[in-house]
Amino acid sequence: MSKRVAIFLSGGGSNMRSLVASMTGDHPARPALVLSNRSDAGGIAWAAGQGIATEVVDHRPHGADRAAFEAEIEARLVPYGIDIICLAGFMRVLTAGFVTPWQGRMINIHPSLLPNYRGLHTHVRALEAGEHEAGCTVHEVTAELDEGPVLGQARVPVLAGDTPDALAARVLEQEHILYPAVLRRFAAGNRTPLYLP
Ligand code: GRF
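Below is a summary of the structure that appears in this document.

Rules behind the numbers
- Residues numbered from 1 in each chain as written.
- Predicted model: local features only at pLDDT ≥ 70, side-chain atom pairs only at ≥ 80, totals over all residues.
- Heavy atoms only, no water.
- Buried < 20%, exposed > 50% of the residue type's maximum accessible area, 1.4 Å probe, protein only.
- Helix = DSSP H or I, 4+ residues; strand = E, 2+ residues; numbered from the N terminus.
- Pairing = 2+ DSSP bridges.
- Right-handed = clockwise from strand over helix to strand, strands pointing away.
- Near = heavy atom within 4 Å.
- Polar contact = N/O pair within 3.5 Å; in protein donor to acceptor, adjacent residues only side chain to side chain.
- Areas by Shrake-Rupley, 256 points an atom, 1.4 Å probe, with all protein chains shown as cover.
- 1 Å grid on protein atoms, 1.4 Å probe; cavity = no way out; pocket = protein on both sides within 12 Å on 5 of 7 lines; lining within 4 Å.
- Sits in = over half its atoms within 2 Å of the grid points.
- Nonpolar A, V, L, I, M, F, W, Y, C, P; charged D, E, K, R; others polar.
- Expected span 1.5 Å × (residues − 1).
- Contact = heavy atoms within 4.5 Å.
- Axes fitted to C-alpha atoms, helices over the stretch in contact; angles between N-to-C directions.
- Parallel < 35°, antiparallel > 145°, perpendicular 65-115°, else oblique.
- Left-handed = near helix turned anticlockwise from the far one by under 90°.

1. Focus: the pairing of strand 5 (residues 106–110)
Across the five residues of strand 5, five count as buried, placing the element largely inside the fold. Residues M106, N108 and H110 point to one face of strand 5 and I107 and I109 to the other, with burial holding for every one of them. Pairing between strand 4 (residues 84–87) and strand 5: three bridges, direction parallel. In the sheet register, C86 faces strand 5, and the bridge partner there is I107. A crossover links strand 4 with its parallel partner strand 5, the connecting element being helix 4 (residues 96–102), and its sense is right-handed. By the bridge criterion, four bridges tie strand 5 to strand 6 (residues 133–140) in an arrangement that is antiparallel. Note that in strand 6 the partner of N108 across the bridge is H139.

2. A closer look at the site of the ligand
All residues in the neighbourhood of the ligand are listed as G12, G13, S14, N15, G89, I109, P111 and E175. A distance of 2.9 Å separates an oxygen atom of the ligand from a polar backbone atom of G13. Within the contact set of the ligand, an oxygen atom lies 2.5 Å away from a side-chain nitrogen or oxygen of S14. Against a free-state accessible area of 370 Å², the protein chains account for coverage of 77% of the ligand. According to the grid-proximity analysis, the pocket containing the ligand is the largest pocket. Of the residues contributing to the shell around the ligand, the split by class is two nonpolar, five polar and one charged.

3. Considerations on helix 3 (residues 66–77)
Taking 1.5 Å per residue, twelve residues should reach 16 Å; helix 3 reaches 17 Å between its end C-alpha atoms and fits that length. In this structure, the buried residues of helix 3 make contact with strand 1 (3–9), strand 2 (29–36), strand 4 and helix 4.

4. Observations concerning the packing of helix 1 (residues 14–22) against helix 6 (residues 164–187)
Closest axis-to-axis distance for the helix 1/helix 6 pair is 9 Å, and the angle between their directions is 40°. If you check the angle between helix 1 and helix 6, you find them oblique. Crossing geometry of helix 1 relative to helix 6 is assigned as right-handed. Contacts between helix 1 and helix 6 involve S14, N15, S18, L19 and S22 on the former and, on the latter, L172, E175, H176, Y179, P180, L183 and R184.

5. So, the sheet that holds strand 4
What holds strands together in a sheet is hydrogen bonding between their backbones, with the strands either parallel or antiparallel. Strand order across the open sheet formed by eight strands is 3-2-1-4-5-6-7-8, with mixed pairing between neighbours. Taken across any chain shown, the strands that pair with only one partner, and hence form the sheet edges, are strand 3 (54–56) and strand 8 (194–196). On average, each strand axis in the sheet is tilted by 20° relative to the strand beside it, whichever way the strands run. Two elements, strand 1 and strand 2, share seven bridges in a ladder whose sense is parallel. Of the residues in strand 2, the one forming a bridge with R4 is R30. The strands that helix 1 touches are strand 1, strand 2, strand 4 and strand 5; relative to strand 1, the one it contacts most, it runs at about 165°.

Purely geometric stuff here, so don't read any function into it on its own.
And the structure:
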């Protein structure tokens, strides 16, 4: 039976779109839900247009009460029988209370070669540091931010005159290749890291 995948996002969801596009044919998983903390996330409108179930859980009414926000997400997931969560530009930190029960079944994409440049503004920081190489990482999600076993990485060169936007676009192209490739393996039970190109 196909694995049922929930994709969490906060923005346009280009990674979500590449994941959805990949889950056809003999792929071991299918998209069951797209969930966002923002009702205006472009990815939510796109997913709904594709006939994929969507849920919006606004974090703002919960204020600093992360446990209440996470309990609401957990409650929304139940009816969908989710097997795997893919974080794809979900801009809320999830605490151990949510992450630990999902550990081993939740993955994330981060736009850097982890363990370098955890957190935000990775491309600005990589350029400021004079890196010659950048990239992206798919990893299992653990309670520590942007940690957890690496499932795959793709590398791109940093070019002379690169701006953060130019570098981000080059990395994003690789994200759209790496994330579907890793999800396919992960859904089939293969956690051996994949290194591209
Ligand atoms: C990507 O760069 C991803 O690596 C990061 O957030 C961004 C999401 O972009 N976690 P998109 O919404 O998938 O286009």
